[in-house]
Amino acid sequence: MRPKGRFLAILAVMASLLLTLGVTVSCSDDDNGNGNGSAGSGDLDAIAQERGLSPDDMRHALQSFVPPGKFDDYVLLASGGHSGQMLVIGMPSMRILKVIGVFTPEPWQGYLYGSDWGEVANVDADQANPPTELSWGDTHHPAISETNGEYDGRFVYIQDRANGRVGFVDLRDFRTKQVLAIPNIQTSHGGMFVTPNSEYVHVSSKFPEVWPEGAYADLTEYKEKYHSVSTWLKIDQTTGKLNLAESFQVEIPPYTQDLADAGKKVSDGWGFIGSFNTEMATGGNMEGGQSMEAGASKNNFDYLHAINWKKAEEVAKAGKVEEMNGIRVIRLQTAIEEGILYLIPEPKSPHGIDVDPSGRYMVVGGKLDPHVTVYDFNKMQTAIENKDFEGNDVFGVPILKFDSVMSGQVEVGAGPLHTQFDSKGHGYTSLFLESAVAKFTLGDDVVQTGETPYTLVDKVAVNYNIGHLAITEGDTTTPDDKYLVALNKWSIDRFLTVGPLHPQNFQLIDLKGGDGGKMELISDMPIGVGEPHYVQIIKADKIKALDVYPAGTDSATMQKSEFAIEGGQEKTERNGNTVEVWMSAQRSHFTPDIIRVKQGDTVKLHITNVEQTKDATHGFGIADYNIQASLEPGEVSNFEFTADKSGAFNFYCTEFCSALHLEMAGWLLVEPAGSAMAAP
Ligand code: CUK
Ligand code: CUA
């Protein structure tokens with residue numbers, strides 16, 4: 001049994017916490033509550049006993065609890081993995097606030113169900129692989145836009161690992177505004193990251209692709225015909241959209257490029273991409289060769305790629321590029337000659353590359369090596385100036401000497417992958433094999449706690465097999481040291497069993513301000529979709545989301561829609577075989593509520609939700625036509641479809657909007673072709 005004295009001490013802590021929140025608490029041990037809303041410690045004691053909660057459980061509950069009606073301090077933007085979605089989660093409560101369709105149709109939002117959102121996903125520069133045929137993506141690494149190295153809460157980008165695309169979500173309404181197929185790459189990994197002033201968002205190839213894009217070449221021609229690139233997509237500062245014409249790519253060797261990160265502060269202007277498979281193994285374990293896994297793990301070193309993107313930008317401006325599929329490409333030889341690309345050896349089976357808040361240190365994990373390797377950007381610059389090379393790779397790219405640029409190595413534990421940082425000179429590395437997070441010190445110019453540089457100072461166990469991890473405001477120049485989230489690939493025995501496909505698990509860890517205190521795991525959050533691969537966590541007050549759209553907004557463009565109407569302006573027009581309807585939606589009716597067309601007609605529907613009341617969202621679904629839209633207050637949605645099926649089809653409001661919501665319905669009457677009846 002637990003000692004009662006410890007319980008009382010905890011209760012006293014809880015009481016003082018509640019008092020600071022302005023809650024009246026009686027601390028007498030025998031007060032069992034009087035039903036007027038104040039809770040006696042005796043109640044808490046009894047509740048804890050009854051529910052089998054330990055003092056630690058109770059403290060953790062208080063650390064992460066956000067009372068009903070109160071808001072979270074942080075917003076966590078998570079990839080939804082191969083669900084193709086993005087998740088919006090409040091922190092520390094870990095309550096899901098929204099699921100955003102990005103690469104996947106999402107009926108709740110009417111995303112890709114007949115309305116003009118289809119155009120969002122149709123932006124396609126990649127003719128070899130039109131995304132309209134794709135209904136899934138593997139959302140990987142979200143990147144929040146930055147100003148002066150700080151998250152600014154305007155835009156978020158996320159890449160599709162599977163199909164080499166990028167999605168843009170506007171944080172004014174948390175909806176996808178652009179899906180862009182990146183030219184000249186097939187699969188992607190390195191990215192997304194934004195540059196410190198959101199000039200560009202970066203993504204690089206995962207596996208090399210045959211060029212010209214869409215052509216065929218056997219794997220025996222891998223070295224010659226397969227190519228990789230580092231892509232810098234220009235961000236329009238007003239709309240957040242990506243502009244291919246002002247973007248550029250830097251060709252890099254056909255290794256398998258892995259994670260990437262942007263330089264910041266002292267290293268602003270540079271980008272870093274890890275790699276593996278510098279062996280250029282192609283598999284073939286049934287063709288007399290080795291599996292990729294074995295072939296790609298032979299070398300003791302792979303290469304960290306350092307790219308001077310500011311120089312690349314100048315070289316692109318100077319026209320030393322090839323135009324390929326709508327984007328300027330700096331070919332590999334040019335990149336070498338212009339001093340844009342350098343390689344740095346990284347030890348066996350590296351993974352992850354993360355730049356610390358000072359911009360000076362770059363940390364690389366090693367999947368099969370218990371160390372993290374820390375590189376020093378200043379040493380790297382010196383080595384480049386002094387041409388301190390150990391030679392060139394087979395493509396002629398200069399390789400900097402490992403010992404000249406390495407600053408320290410720390411033995412952190414088994415299977416180090418990714419690293420985040422606090423503001424006090426610590427790195428926090430995920431240990432996949434060990435299922436733990438290791439905390440260590442960086443170089444002495446950034447360590448602010450008096451601890452010895454390059455030493456392991458703390459470790460916390462997680463459950464289980466952690467991949468990425470993220471700290472509040474973690475990828476900025478000023479992380480705020482509050483919480484860390486462990487993104488665990490396995491959950492095994494943490495939750496009720498729901499079949500062999502177990503949820504993935506986010507675990508919330510208190511960082512104790514990043515100084516002396518031990519990290520402490522405080523809550524679990526099962527994730528019921530895909531593999532939520534990576535997250536970024538932003539202070540909630542940095543996001544300025546709309547409550548309602550300004551009247552008549554086209555949410556795809558965030559401009560006033562040319563099809564917007566006010567109540568009383570509804571109309572139907574026929575032009576040849578096209579019937580065009582300007583409809584309004586308002587609690588609890590559509591006007592008009594009957595649409596009459598002939599089979600084979602083209603129907604153009606413009607629906608304005610004319611309400612300006614918070615949360616007065618209507619939906620619009622037509623039976624048997626696979627059409628569904630979310631009409632948010634002030635929004636205009638447009639549809640165009642062929643009425644190819646005759647019959648009387650009910651349409652209705654799909655959001656329970658009012659007491660008479662069920663009456664908010666109407667008819668699409670499609671008269672059979674050739675019938676004598678006359679639709680207007
Ligand atoms: S990579 Cu390192 S755990 Cu795709 Cu973000 Cu998976
Ligand atoms: Cu409008 Cu239900």
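None of these values were measured; they are calculated from a predicted model.

With that settled, consider the domain arrangement of the protein. Examined at the domain level, the protein breaks down into domain 1 (3-64), domain 2 (74-283 + 290-542) and domain 3 (553-671). Each side of the interface is counted separately: domain 1 has four residues, and domain 2 has nine residues. At the boundary of domain 1 with domain 2, total buried surface from both sides reaches about 490 Å², with 40% on carbon and sulfur atoms. The tally of links from domain 1 across to domain 2 stands at one salt bridge. At the junction of domain 1 with domain 2, the criterion picks out three residue pairs in polar contact (both at pLDDT 80 or more). Looking at the side of domain 1 that touches domain 2, its residues break down into no nonpolar, three polar and one charged.

Turning to the packing of aromatic side chains, a few remarks are in order. Overall, the coordinates contain 25 aromatic pairs when judged by the stated rule. Here the aromatic rings of Tyr157 and Phe168 are separated by 5.3 Å at their centres, their planes lie at 25 degrees, and the arrangement is stacked. One end of the pair, Tyr157, is in strand E7 (residues 150-160); the other, Phe168, is in strand E8 (residues 165-170), and eleven residues separate them in sequence. Take Tyr157 and Phe168: they sit in the same class, and that class is buried.

The next subject is the nonpolar core. Phe248, Val250, Ile307, Ile330 and Ile340 are the most contacted members of the largest nonpolar core, which totals 31 residues. Elements supplying a minimum of two residues to this core: strand E13 (226-235), strand E14 (242-252), strand E15 (256-262), strand E17 (301-308), helix H7 (309-317), helix H8 (332-337) and strand E20 (341-347). Top element by residues in this core is H7. It accounts for four residues. Setting aside its immediate chain neighbours within four residues, Ile330 contacts Phe248, Gln249, Val250, Glu251, Ala312, Val315, Ala316, Lys320, Val321, Ala335 and Ile340. Grouped together as the second largest cluster of nonpolar side chains are 26 residues, Leu605, Phe639, Phe649 and Leu668 included.

Below, the discussion takes up the side chain of Ser584. Looking at where Ser584 falls in the secondary structure, it is placed in strand E39 (residues 578-586). Side-chain polar atoms of Ser584 contact the side chain of Glu570, separated by 2.6 Å.

As summarised here, the arrangement of the four strands in space is E5-E4-E3-E35, forming an open sheet in which the pairing is antiparallel. Only two strands of the sheet have a single partner each, and these edge strands are strand E5 (95-101) and strand E35 (535-539). When the angles between neighbouring strand axes are averaged without regard to direction, this sheet yields 20 degrees.

A side chain with one charge may pair with a side chain of the opposite charge, provided their charged atoms come close. If you walk through the whole model with that rule in mind, you get 32 salt bridges. Notably, a salt bridge pairs Asp258 with Lys206, separated by 2.7 Å at the nearest N-O pair. In this pair, Asp258 sits in strand E15 while Lys206 sits in the loop between strand E11 (200-205) and strand E12 (209-210), placing the two residues 52 residues apart along the sequence. Both residues of the pair, Asp258 and Lys206, count as buried. A salt bridge links Arg360 to Asp445, with the nearest nitrogen and oxygen atoms 3.0 Å apart. One end of the pair, Arg360, is in the loop between strand E21 (350-355) and strand E22 (361-366); the other, Asp445, is in the loop between strand E29 (436-441) and strand E30 (456-461), and 85 residues separate them in sequence. Take Asp445: its relative accessible area is 44%, and that puts it in the partly exposed class. Overlapping salt bridges bring together Asp56, Arg59, Lys512 and Glu520 as one network.

How each quantity is defined
- Residues numbered from 1 in each chain as written.
- Chains lettered and ligands numbered in written order.
- Predicted model: local features only at pLDDT ≥ 70, side-chain atom pairs only at ≥ 80, totals over all residues.
- Heavy atoms only, no water.
- Domains from an automatic or database assignment.
- Contact = heavy atoms within 4.5 Å.
- Buried area = accessible area lost by both parts, 1.4 Å probe.
- Salt bridge = Lys/Arg side-chain N within 4 Å of Asp/Glu carboxyl O.
- Polar contact = N/O pair within 3.5 Å; in protein donor to acceptor, adjacent residues only side chain to side chain.
- Nonpolar A, V, L, I, M, F, W, Y, C, P; charged D, E, K, R; others polar.
- Phe/Tyr/Trp six-rings, centres within 6.5 Å; stacked < 30°, edge-to-face > 60°.
- Helix = DSSP H or I, 4+ residues; strand = E, 2+ residues; numbered from the N terminus.
- Buried < 20%, exposed > 50% of the residue type's maximum accessible area, 1.4 Å probe, protein only.
- Core = buried A, V, L, I, M, F, W, Y, C linked by side-chain atoms within 4.5 Å.
- Pairing = 2+ DSSP bridges.
- Axes fitted to C-alpha atoms, helices over the stretch in contact; angles between N-to-C directions.

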